[in-house]
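Structure assessment
Each chain is listed here by its residues.
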Amino acid sequence: YNDLYNRGSRTLFNIFYVDRPRPFGQAARGPSEARTRLAVVEDAGLYVALRGANLEDMYRGQGRLHREVEAWTRDVVYLRPQVFVLHDRTQVRAADADQWQALHFPRAPVAVPGAPQTRRFEVGQGERYVGTVTTVLPRGNQVRLVDLFNRGKVTRLEVRPGTPGERQRWLTVL
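I will try to describe carefully the structure that is included in this document.

Cut-offs used in this document
- Per-chain numbering applies: the sequence of each chain, read as written, is numbered from 1 onward.
- The predicted origin of the model limits local features to residues at a pLDDT of at least 70 and limits the giving and counting of side-chain atom pairs to 80 or more, whereas totals for whole chains, interfaces and linings rest on all residues.
- With hydrogens and water stripped out, all remaining heavy atoms of the structure feed into the side-chain values.
- Helix and strand labels come from DSSP, where a helix needs a run of H or I of at least four residues and a strand needs a run of E of at least two; each type is numbered from the N terminus.
- Each residue is placed in one exposure class: buried if its accessible area under a 1.4 Å probe, protein chains only, is under 20% of its type's maximum, exposed if it is over 50%, and partly exposed if it falls in between.
- Contacts are assigned to residue pairs that have any heavy atoms within 4.5 Å of one another.
- Definition used for salt bridges: Asp or Glu carboxyl oxygen within 4 Å of a side-chain nitrogen of Lys or Arg.
- In this scheme, strands are said to pair when DSSP sees at least two bridges between them.
- For this analysis, a polar contact is any N or O atom pair within 3.5 Å, provided that within protein one partner can donate a hydrogen and the other can accept it, and provided that sequence-adjacent residues contribute only side-chain to side-chain pairs.
- Remark: nonpolar core denotes a set of buried residues (Ala, Val, Leu, Ile, Met, Phe, Trp, Tyr, Cys) joined through side-chain atoms within 4.5 Å.
- Axes, fitted as lines to C-alpha atoms, cover a helix only where it is in contact. Angles between the N-to-C directions of the axes lie from 0 to 180 degrees.

A count of helical and extended segments in the protein chain gives one helix and 12 strands. Written out in order from the N terminus, the α and β elements of the protein chain read α-β-β-β-β-β-β-β-β-β-β-β-β. Burial analysis of the protein chain (174 residues in total) assigns 40% to the buried set. Considering only residue pairs separated by 6 or more positions, the protein chain has 50% of its internal contacts joining residues 24 or more positions apart.

Attention shifts here to the pattern of salt bridges. Here the structure, examined in full by the defined rule, presents 11 salt bridges. Two residues, Glu-56 and Arg-35, come together in a salt bridge whose shortest N-O distance is 3.2 Å. Here Glu-56, found in the loop between strand 3 (47–53) and strand 4 (69–79), pairs with Arg-35, found in the loop between strand 1 (16–18) and strand 2 (37–43); they are 21 residues apart in sequence, far enough to count as distant. Residue class for Glu-56 comes out buried when judged on its relative accessible area of 6%.

Turning our attention to the pairing of strand 3. Note: strand 2 against strand 3, six bridges, orientation antiparallel. Looking across to strand 3, one finds that Arg-37 is bridged to Ala-53. Between strand 2 and strand 3, which pair antiparallel in sequence order, lie three residues; one of them, Gly-45, sits at a positive phi of approximately 85°. With six bridges joining them, strand 3 and strand 4 adopt antiparallel strand pairing. Looking across to strand 4, one finds that Tyr-47 is bridged to Leu-79.

This part covers the side chain of His-104. One can find His-104 in strand 6 (residues 99–105). With a relative accessible area of 16%, His-104 lands in the buried category. At 2.8 Å, the side chain of His-104 forms a polar contact with the side chain of Asn-14. Excluding residues within four positions of it along the chain, His-104 makes contact with Thr-11, Leu-12, Phe-13, Asn-14, Leu-148, Val-154, Thr-155 and Arg-156.

This paragraph deals with the nonpolar core. Core analysis: the largest hydrophobic core is formed by 23 residues, its most contacted members being Phe-16 and Trp-72. For this core, the elements supplying multiple residues, two or more each, are strand 1, strand 4, strand 5 (83–92), strand 6, strand 8 (119–123) and strand 11 (154–160). At four residues, strand 6 tops the list of elements feeding residues into this core.

Spatial strand order, 2-3-4-5-12-9-8-7: eight strands in an open sheet with antiparallel pairing. Each edge of the open sheet is held by one strand with a lone partner, namely strand 2 and strand 7 (110–112). Ignoring strand direction, the axes of neighbouring strands in this sheet form an average angle of 20°.

Looking now at the sheet that holds strand 11. Across the sheet, four strands lie side by side as 1-6-11-10; this open sheet has antiparallel pairing. The sheet terminates laterally at strand 1 and strand 10 (142–148), the two strands that pair on one side only. Adjacent strand axes in the sheet meet at a mean angle of 30°, parallel and antiparallel pairs treated alike.

So this is what it looks like as structure tokens:
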């Protein structure tokens, strides 16, 4: 309820998070309050490319100068028929802020060996296999699995940078 109706921290969305201010997460902001927009849409047949710009305007804080999230741009490339690439560029006010990307799944992903400097997870097994998630950036990223609602029905994969910093690049392949 709180995630959908803006009472407290919103944690059920596949977005970028910074654990400041409290409550954290995005706010319900309309077009008159935010410059957030879909800046690029290109359907080239074999792929679709999208860019979300000014996503930082959706974050809590007292005006643009007082938000913890100072900048966020997300590029999504869909390689037909089944691969998504997420590339995010973020900037936060303080390098020591707890920041992470969140991805949610109906079953807990299982860690499997991947390429060097990446984290790879399989989602589902056998007939219930739906694919893999590979986190590439930030370099040396750390991943934590969180059982939302403690019922084994929704698992959040949290990707955190290996090295703190105000600016981060995130790359995830689904």
